Amino acid sequence: MTPAMTDDETQGMAYPKPPITARIGKVASRIASYLQAVPLALILGFFFLLPILMIAVVSFWDYDFAGLYPDFLTMNYTDTLGSWVTWKTYLNTLKYTALVWGLTLLIGFWVAYFLAFHIRTTTMQMVLFLVCTVPFLTSNIIRMISWIPVLGRNGLVNTTLIEMGIIPSPIEWLLYSDFAVVLAMVHLNTLFMVTPIFNTLMRIDRSLIEAARDAGANGWQILWNVIIPLAKPGIAIGSIFVVTLVMADFSTVQVMSGGQSASVALMMKNQMSLLQYPAAAANAVVLLIVVLLMVAAILRVVDIRKEL
Amino acid sequence: MTNETKTPKGISRRGLLKTGAAATGAIVGSGLITGFPTIWAQNPITLRQFGTGVSNINAIAEKCKADLGITLEMTATDSDAAAQRAVTQPDSYDIADIEYWILKKVFPAGVIQPMDIKKLKYYDKIVPLFKTGKLTPDSVIAQGTAPHTVGYVEKVGDKTFAKGETQFFTMVPTIYNADTLGIRPDLVGREITTWADIMDPAFKGKTSILNIPSIGIMDAAMIMEAMGNIKYADKGNMTKEEIDATIDFLIKAKQAGQFRAFWKSFDESVNLMASGEVVIQSMWSPAVAAVRSKGIACKYQPLKEGYRSWGGGLGLAAHLEGAQLDAAYEYINWYTSGWVGGYLNRQGYYSAAMDTAKEFMSADEWGYWIEGKAATGDIMSPEGKVMEKAGAVRDGGSFEERMGKVACWNSVMDEDRYMVKRWNEFIAA
Amino acid sequence: MSHEKRTLEFYVLAAFFTLFVLFLYGPLSAVFILSFQGPDGGLTFPLNGVSVHWFFNLFEQQAVGDFGASFKRSFSLGLMVMIVNVVVSLLAGLAFRRKFKGSTVLFYLTVASLVVPSIIISLGIGVVFQQFGLKPAWYSSAFGAHLTWTLPFGVLIMFAVFNRFSPAYEEAARDLGATSWQTFAHVVLPMIAPSLIGVGLFGFTLSYDEFARTLMTSGTYNTLPLEIYGMTTNVTTPVLYALGTVTTLFSFSIILLALAIILVMRRRQAKVV
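About the thresholds
Each chain has its residues counted from 1, following the order in which its sequence is written. Numbering of ligands from 1 and lettering of chains from A proceed in the order in which they are written. Whole-chain, interface and lining totals are the exception, using all residues; otherwise, since this is a predicted model, local features are given only for residues with pLDDT of at least 70 and side-chain atom pairs are given and counted only at 80 or more. Numbering goes from the N terminus for both helices and strands, where a helix is a DSSP run of H or I of at least four residues and a strand is a run of E of at least two. Any residue whose C-beta has 12 or fewer other C-beta atoms within 10 Å is treated as exposed, any with 20 or more as buried, and any in between as partly exposed, C-beta atoms being built from the backbone. Whether two residues are in contact depends on their C-beta atoms, placed from the backbone: they are in contact if these lie within 7 Å. Structurally, a nonpolar core is described as a collection of buried Ala, Val, Leu, Ile, Met, Phe, Trp, Tyr and Cys residues joined by way of C-beta atoms within 7 Å. Residue ranges for the domains originate in an automatic or database domain assignment. Ten residue types, Ala, Val, Leu, Ile, Met, Phe, Trp, Tyr, Cys and Pro, are classed as nonpolar, four, Asp, Glu, Lys and Arg, as charged, and the remainder, Gly among them, as polar. UniProt positions are given in the numbering used here, feature names are shortened, and annotations may be inferred rather than shown by experiment. Known as pLDDT, the predictor's per-residue confidence is scaled from 0 to 100. With axes taken as lines fitted to C-alpha atoms, and helix axes fitted only over the stretch in contact, angles between N-to-C directions fall between 0 and 180 degrees. Orientation is classified from the angle alone, with under 35 degrees giving roughly parallel, over 145 giving roughly antiparallel, 65 to 115 giving roughly perpendicular, and any other angle giving oblique. Put simply, a crossing is left-handed when the front helix is turned counterclockwise from the back one by less than a right angle, and right-handed when it is turned clockwise. When DSSP finds at least two bridges between two strands, those strands are taken to pair.

### Details of the overall build of chain C
Thinking step 1. Counting its secondary structure elements, chain C contains eleven helices and zero strands.
Thinking step 2. Mapped from its N terminus to its C terminus, chain C presents α and β elements in the order α-α-α-α-α-α-α-α-α-α-α.
Thinking step 3. Across its three principal directions, the C-alpha atoms of chain C cover 70 × 65 × 30 Å.
Thinking step 4. Burial statistics for chain C: of 273 residues in total, 49% are counted as buried.

### Some points on the overall build of chain A
Thinking step 1. Broken down by element type, chain A carries 15 helices and two strands.
Thinking step 2. Residues classed as buried in chain A amount to 46% of the 308 residues present.
Thinking step 3. Of all intrachain contacts in chain A linking residues separated by at least 6 positions in sequence, the fraction that spans at least 24 positions is 71%.

### Structural notes on the nonpolar core
Thinking step 1. Formed by 295 residues in total, the largest nonpolar core has its most connected members in A:Ala112, A:Ala284, B:Val106 and B:Tyr331.
Thinking step 2. Residue contributions to this core peak at 15 residues, all from helix α6 (residues 141–163) of chain C.
Thinking step 3. Built from parts of two domains, this core gets at least three residues from each of domain 1 (6–170 + 309–336) and domain 2 (180–306 + 405–428) of chain B.
Thinking step 4. Contact partners of A:Ala112, with chain neighbours within four places excluded, come to A:Val194, A:Ile197, A:Phe198 and A:Leu201.

### A short note on the interface of chain B and chain A
Thinking step 1. On the chain A side, the residues contacting the 33 residues of chain B number 27 residues.
Thinking step 2. Going through the elements one at a time, α4 (79–88), α7 (213–226) and α16 (416–428) of chain B are the ones with two or more residues in the side of chain B that touches chain A.
Thinking step 3. Of the residues assigned to the side of chain B that touches chain A, the class counts are 13 nonpolar, eight polar and twelve charged.

### Thoughts on the interface of chain A and chain C
Thinking step 1. Counting from both sides, the interface comprises 79 residues of chain A and, opposite them, 79 residues of chain C.
Thinking step 2. Top element by residues in the side of chain A that touches chain C is helix α2 (residues 19–58) of chain A. It accounts for 20 residues.
Thinking step 3. When grouped by side-chain class, the residues that make up the side of chain A that touches chain C number 53 nonpolar, 19 polar and seven charged.

### Points about the UniProt feature "domain: ABC transmembrane type-1" (unreviewed entry) in chain A
Thinking step 1. Within this structure's numbering, the places UniProt gives as "domain: ABC transmembrane type-1" (unreviewed entry) are residues 90–298 of chain A.
Thinking step 2. Between the first and last C-alpha atoms of residues 90–298 of chain A the distance is 19 Å; the span itself is 78% helix and 0% strand.

### Some thoughts on the UniProt feature "domain: ABC transmembrane type-1" (unreviewed entry) in chain C
Thinking step 1. Summarizing the sequence annotation, UniProt attributes the feature "domain: ABC transmembrane type-1" (unreviewed entry) to residues 71–258 of chain C in the numbering used throughout.
Thinking step 2. As annotated, residues 71–258 of chain C comprises 77% helix and 0% strand, and the C-alpha atoms at either end are separated by 21 Å.

### Concerning unusual backbone geometry
All names here are of chain A.
Thinking step 1. Residue tyrosine 176 is not a glycine yet carries a positive backbone phi of 55°.
Thinking step 2. One can find tyrosine 176 in the loop between α8 (156–163) and α9 (178–203).
Thinking step 3. Non-glycine residue leucine 275 carries a positive phi angle of around 60°.
Thinking step 4. Relative to the elements of secondary structure, leucine 275 occurs in the loop between α13 (264–273) and α14 (277–301).

### A word on the confidence of the model for chain C
Residue and element names in this part refer to chain C.
Thinking step 1. Averaged over all residues, the pLDDT of chain C is 85; the fraction at 70 or higher stands at 97%.
Thinking step 2. The secondary-structure element of chain C with the lowest mean pLDDT is helix α11 (residues 239–272), recorded at 79, while helix α3 (residues 67–95) shows the highest, at 92.
Thinking step 3. The ipTM value of the predicted complex is 0.82, and its pTM value is 0.84.

### Some details on helix α10 (residues 285–292) of chain B
Thinking step 1. The element α10(B) is largely enclosed, with a buried count of seven among its eight residues.
Thinking step 2. Against β9 (172–183), α9 (266–274), β11 (280–283), β12 (299–301), α12 (339–347) and β16 (386–388) of chain B lie the buried residues of α10(B).

### Some thoughts on the UniProt feature "transmembrane region" (unreviewed entry) in chain C
Residues and elements named next belong to chain C.
Thinking step 1. In this numbering, the UniProt entry assigns the feature "transmembrane region" (unreviewed entry) to residues 12–36, 75–96, 105–129, 141–162, 183–206 and 239–264.
Thinking step 2. Between the end C-alpha atoms of residues 105–129 there is a gap of 25 Å, over a span that is 92% helix and 0% strand.
Thinking step 3. Secondary structure across residues 141–162 comprises 100% helix and 0% strand; the distance between its end C-alpha atoms is 31 Å.

### Notes on the UniProt feature "transmembrane region" (unreviewed entry) in chain A
Residues and elements named next belong to chain A.
Thinking step 1. According to UniProt, the "transmembrane region" (unreviewed entry) feature falls on residues 40–61, 96–115, 127–148, 179–201, 222–248 and 277–302.
Thinking step 2. With 100% helix and 0% strand, residues 179–201 has its two end C-alpha atoms placed 31 Å apart.
Thinking step 3. Taken end to end, residues 277–302 is 96% helix and 0% strand, and its first and last C-alpha atoms sit 36 Å apart.

### Describing the packing of helix α4 (residues 84–118) of chain A against α9(A)
Residue and element names in this part refer to chain A.
Thinking step 1. One can describe the packing of α4 onto α9 by two numbers: an axis separation of 7 Å at closest approach and a directional angle of 45°. Taken together, the axes of α4 and α9 are oblique relative to one another. The handedness of the crossing between α4 and α9 comes out as right-handed.
Thinking step 2. For the contact of α4 with α9, the class distribution of residues is 22 nonpolar, four polar and no charged.

### Brief notes about the pairing of strand β3 (residues 95–99) of chain B
Residues and elements named next belong to chain B.
Thinking step 1. Counting buried positions along β3 yields five of five residues, so the element is predominantly enclosed.
Thinking step 2. With three bridges connecting them, strand β1 (residues 46–52) and β3 associate as parallel partners. By the bridge assignment, glycine 51 is partnered in β3 with aspartate 97.

### Here we look at the sheet that holds strand β5 (residues 115–116) of chain B
All names here are of chain B.
Thinking step 1. Reading across from one edge, β5-β8-β7 is the order of the three strands in this open sheet, with antiparallel pairing throughout. The open sheet terminates on both sides in strands that have one partner only, identified here as β5 and β7 (152–153).
Thinking step 2. Bridge count for β5 against strand β8 (residues 168–169) is two bridges, and the pairing is antiparallel. Looking at β8, one finds that methionine 115 is bridged to phenylalanine 169.

### Looking at the environment of A:Phe47
Thinking step 1. Note on placement: A:Phe47 falls in helix α2.
Thinking step 2. Non-local contacts of A:Phe47, meaning those with residues more than four positions away in its chain, are made with C:Ile125, C:Gly144, C:Ala145, C:Leu147 and C:Thr148.

### As for the packing of helix α11 (residues 219–247) of chain A against α14(A)
All names here are of chain A.
Thinking step 1. For the pair α11 and α14, the least separation of the axes is 10 Å and the interaxial angle reads 165°. Looking at the two axes, α11 sits roughly antiparallel to α14. The element α11 and its partner α14 pack so that their crossing is right-handed. Two secondary-structure elements touch here, α11 through Ala236, Ser239, Ile240, Val243, Thr244 and Met247 and α14 through Leu287, Val291, Met294, Val295, Ile298 and Val301.
Thinking step 2. Residues belonging to the contact of α11 with α14 are distributed by class as follows: ten nonpolar, two polar and no charged.

### With respect to the environment of A:Phe46
All names here are of chain A.
Thinking step 1. For phenylalanine 46, the position within the fold is in helix α2.
Thinking step 2. For phenylalanine 46, a count of 15 C-beta atoms within 10 Å gives the class partly exposed.
Thinking step 3. Distance from phenylalanine 46 to phenylalanine 241, taken between C-alpha atoms, is 23 Å for residues 195 residues apart in sequence.

Here it is as structure tokens:
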């Protein structure tokens, strides 16, 4: 295992070839590259780029009670951006995003760290990692519904606490509150943080840590100056996953807040439920731009393409 | 009924299918002789129907296969998805099972073709509520998107609704009911008589209303009016000022912590009530029955202001033609011929063709569910479980008492754009 | 580090890890317990008798919806996504090993596809299919919608794999006279096989569980998550929990299978090397 930085160098140096064959090889390999990239490009082109463009187009359309009319209006945007509801909803969604991101990062990092550095055999690492994975394979909907009998007024937590005499009456904010939303989101999304961080931690050359220790660094210094910088790409990817998933969430917010909290996607869904597609599309474009900006910010900090 | 007529009609059927739509009239005519003579088994026809789980019940598909030989593929969706699918994926279904209020938006999209009432065998049996808006000749037409206001068009191809009864029916009504407040009598501890009672500070944090914007706001309107805060010209079609007043009221109640949660699906309303999260909420009659079937006391409470009502029906997809269209008509005629009606009545909903449904219910069932009489024997659910013991009387009384006191139908407002905007505000508040 | 004695840090982290696992399994255990509800029991506590009624009920006809058919669709869709995911990600991974014109654009397109909120993609694909007069179905539009989510995962994983993949092995194989196909099939493929299994599994589970992306693209028939959601519009029973329990056990066995395959492959590789 070699640390991340040296990889590109080895790769670059590994192709010293005679000039003529090199030229032919280069052309051939370029064609091969194109051919290999075609399926991905086609799929993303048709199922991603085209739909997004379509949304962008529809967001300028007019609509009324009965239908949609192709047009070029900025009304949907002025409606969306001009209302304090939008801003408040974004703020609320960002609040969830920040909380969930912070918590999943904290939990995810330490779980990954424990697995990577404290578990001695690869088999055990794999087994424990899979133990964490299994709950994520059960249907999202069922996993979400399952919080209700746990957190409800007469749910597991409240009944247990009351029976133990710790609280006199049920705690109301366990369910249908911001707490419940964040809890469920952390539950649903932590794996997306654990996996990439675990991956990068596993790739850290152990001799680097030994070297740091020999140089007299203590545990925290090693963590802060060696491990975390090397884990950055994993943290970045995990953050991208979590931020995206939370920003786009509607079902968790709806179910866990009992319909009492707003999220951007939920706002879109309410518009879609009355077939107000242009308004929803304008909202979608705004949301898309916000999410892309957030991801771009993450990518600015860590160039995952180089450091992956 | 099916076996006797199988051979001869089957053959003629196949021949007719080849000649296509021209023969339609003849087939419908022949259908008048004995129930449902045409058998589709020899020429397999599949109809794809979608709608909420309320009426997309497998037992209906099974019975349809047995009686008609038509394979009915049912897809259950939530109510939002149903509206989306109706408009955005018109090729994905043959029969749309949707509610009247959303039909007001779906029909103008041109995805549903109107039905010729001459081909509807039981058109005469359909309760007048869906034709004139009046249950009895002297009743008052309720506010909101009353089904009859979106029930007819002047001619095929029209996208605006006709003022009165015409030859072209947009949907055949199938299922409807009146919603009111459901209560946990054991936890409420007092008489509940009005929609305003849901705002009683004693129930703070233990109430709920619907979370579908266009219906939730009507719950709120019922409450507002009951409290004497406002008098709406039409609760189902508010002006901007009325929407503002209603939403402001909701925001205040929400911030004061009056609501525990808002429910969106049947199931959520049952769970909220059964788990004791909520003691008083706007609720459906069958949801109340579902809570009660778990051994938990729950009451469908009639209120002095009347009910908020809803209705659903079956619409034919615009792309249907030829044999499929014939089959669809036959299916709809079968649907209204009584068996399904009896089945829906026994679940606590109402059938649109009451007379035909009556023949498929026992006298006791009819007495309990429709006439509001005390049950003489145990009342069983369609699945064969005891729902109510002998002697029980249905909350809210008879069909006439319930459907005769509808204050308002579920609606889409002309100002729906503004309404959704403000509703999002309420959720964000 | 791993050869030292257990430190305090280990015990603290081990406790933290245990708590995390409990947190993960907590609500699942509620599902597990409630799936043994008595025949008259509901979706919430307290238990109303204990039975295996709902497990049998899972294989019977429900009042509304059809587990069997929607499971088959979700499973087939998952397999389709899995296969396409593995093949396309592998090809893309190979392509990205060299710089080519448009590679940066394609890379950012992939990342963008990952981050686009699911409901937007769902809406967009729905509108595109409608505008082009194509018939949406779980195997066409929903399939594509799922790929926009699973492919970026696959491509990123392959990226990580090939970034660390030393070309020395291929050089050696080529020097020994292997054709490029032989090099690929006998040298490259076995080495990246575990990652490919990972890509496949990721694809399958992400697709199997996808809800929002299927919402507006599924066409006539529901996938399992949509069916479950649709079923909540009528009286639901603990059969949903029984389904949850069975799914969890099912995923357990799939994972064990994958683990076994990886271990066997490792052993083989170890023998070869």
